[in-house]
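Spelled out from the first residue to the last, the chains are:
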Amino acid sequence: DNAEAQLHIAKDRVSYTQLKAGVAGSITARTAESGEVVQPGQTIFQVARQDGRDAVFDAPAQVIRSAPADAKIVVSLTDDPSITGGGRVRLVDPQADPITRTFRVRVGLIDPPTAMFLGATVQGRMELAAAPGIELPASALTRINAQPAVWLVDPKDMTVSLHNVQIGRFDPGSVLVSHGLEGGEVVVTAGVQALHP
């Protein structure tokens, strides 16, 4: 009985030396060497599933906030933008990367083209619902009476005057003017701090 029990334990231990993936796919990373003593639960191999593929992006918080709930993402190869595929956001990391302050976004690809191999560099695009407006460089914006304003040029006598505007959106290098400009005006975009009416 003792010998049979030891045999059973030995067979059980031998079974732990065989790693079997629960899904069909390709091994993309190995984190242990042959003969290394590993701990229970330690990751040995990373497997990319054969039946599902993700495009992974690092997105700033502003993009995460402005994205619609069920955004459709168009993914294209960086070296050949004509090869495209579609996908939907599958997972957004709950915490930003402490160094880049961006959030990891995983987009599940729907029927990706065969040219999109594992590890390929891709670009992603999504359409946002945008309000109508006029986009100006951020350097054009100034203030009058604690309200946003821009300098307009009168082309007849080449004079300038301040004009109040409403801002729909701020971006790092530009602003979207939602009200206050009709279109076709000449707006000063540089040196606004040195102007007088």
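Each chain carries its own residue numbering, running from 1 in the written order of its sequence. Whole-chain, interface and lining totals are the exception, using all residues; otherwise, since this is a predicted model, local features are given only for residues with pLDDT of at least 70 and side-chain atom pairs are given and counted only at 80 or more. Side-chain numbers here rest on the full set of heavy atoms in the structure, without hydrogens or water.

> Is there a simple way to explain the sheet that holds strand S13 (residues 174-179) in this structure?
The strands making up a sheet associate through backbone hydrogen bonding, with each pair oriented either parallel or antiparallel. Strands are treated as partners if at least two bridges between them are detected by DSSP. For the purposes of this entry, the term helix denotes a DSSP run of H or I that reaches at least four residues, the term strand denotes a run of E that reaches at least two, and both are numbered from the N terminus. Ordered in space as S8-S13-S12, the three strands form an open sheet in which the pairing is antiparallel. Lying at the two open borders of the sheet, with one neighbouring strand each, are strand S8 (134-137) and strand S12 (166-170). On average, each strand axis in the sheet is tilted by 35° relative to the strand beside it, whichever way the strands run. In this structure, S12 lies alongside S13, joined through four bridges in antiparallel fashion. Looking at the pairing, Phe170 lines up with Val175 of S13. All axes here are fitted lines through C-alpha atoms, helices being fitted over the stretch that makes contact, and every angle between N-to-C directions spans 0 to 180 degrees.

> Quick question: what am I supposed to make of the sheet that holds strand S7 (residues 122-126) here?
Taken in spatial order, the five strands of this open sheet run S3-S6-S5-S4-S7, and their pairing is antiparallel. Lying at the two open borders of the sheet, with one neighbouring strand each, are strand S3 (54-59) and S7. Strand-to-strand twist of the sheet, defined as the mean angle between neighbouring strand axes without regard to direction, takes the value 40°. Both strand S5 (residues 84-92) and strand S6 (residues 103-110) contribute to a ladder of six bridges, which runs antiparallel. The residue of S6 that forms the bridge with Val89 is Val107.

> Help me understand the side chain of Ser76, please; the structure alone is not making it clear to me.
Within the element layout of this structure, Ser76 appears in strand S4 (residues 72-77). For each residue, the accessible area found with a 1.4 Å probe, counting protein chains only, is set against the maximum for its type, and the residue is called buried under 20%, exposed over 50%, and partly exposed in between. A residue is classified by how much of its surface remains accessible, and Ser76, at 5% relative accessible area, is buried. In this view, Ser76 contacts Pro81, Ile83, Thr84, Met116, Thr121, Val122, Gln123 and Arg125; residues no more than four positions away in its chain are not counted. For this analysis, residues touch if any pair of their heavy atoms sits within 4.5 Å.

> Whenever I open this one, helix H1 (residues 2-15) confuses me. Can you help?
For an α-helix, 3.6 residues make a turn, and residues three or four places apart therefore share a direction. When the terminal C-alpha atoms of H1 are compared, their 20 Å separation across 14 residues agrees well with the 20 Å that a helix rising 1.5 Å per residue should span. With zero of its 14 residues buried, H1 lies for the most part at the surface. In this analysis, the expected span of each helix is defined as 1.5 Å times one less than the number of residues it contains.

> Could you clarify how one ought to interpret the nonpolar core in this entry?
Here is a general trend for soluble globular proteins: nonpolar side chains tend to be buried in one another's company. Take the buried Ala, Val, Leu, Ile, Met, Phe, Trp, Tyr and Cys residues and link them wherever side-chain atoms come within 4.5 Å; each set so joined is a nonpolar core. Formed by Ala55, Phe57, Ala59, Ala71, Ile73, Val75, Leu77, Val105, Val107, Leu109 and Met116, the largest nonpolar core amounts to 11 residues. Of all the elements in the fold, those that place two or more residues in this core are S3, S4 and S6. Beyond its immediate sequence surroundings of up to four residues, Val105 is in contact with Ala55, Val56, Phe57, Ala59, Ile64, Val89, Leu91 and Val92. One finds Leu136, Ala140, Ile167 and Leu181 within the second-largest nonpolar core, a separate group that totals 10 residues.

> Would you take a moment to explain the environment of Thr189 for this structure?
Along the polypeptide, Thr189 turns up in the segment after strand S14 (186-187). Here Thr189 is in contact with Pro137, Ser139 and Ala140, once residues within four sequence places are set aside.

> Looking at this structure, I do not really get the pairing of S5. What am I missing?
Both faces of the sheet carry side chains from a regular strand, because those side chains alternate between them. Where S4 lies against S5, five bridges are found, and the strand directions are antiparallel. If you follow Lys72 over to S5, its bridge partner there is Arg88. Linking S4 to S5, which pair antiparallel, is a turn of six residues.

> Explain the pattern of salt bridges to me, please; I cannot follow it from the model alone.
When charged atoms on two side chains of opposite charge get close, those side chains can pair. Whenever Lys or Arg places a side-chain nitrogen within 4 Å of a carboxyl oxygen from Asp or Glu, that contact is recorded as a salt bridge. Tallied over the entire structure, the rule returns five salt bridges. Note that Asp54 and Arg90 form a salt bridge whose closest N and O atoms lie 2.4 Å from each other. Of this pair, Asp54 sits in strand S3 while Arg90 sits in strand S5, and the two are 36 residues apart along the sequence. Take Asp54: its relative accessible area is 31%, and that puts it in the partly exposed class. Arg106 is paired through a salt bridge with Asp93; the nearest N and O atoms lie 3.1 Å apart. With Arg106 in strand S6 and Asp93 in the loop between S5 and S6, the pair connects residues that are 13 residues apart, well separated along the chain.

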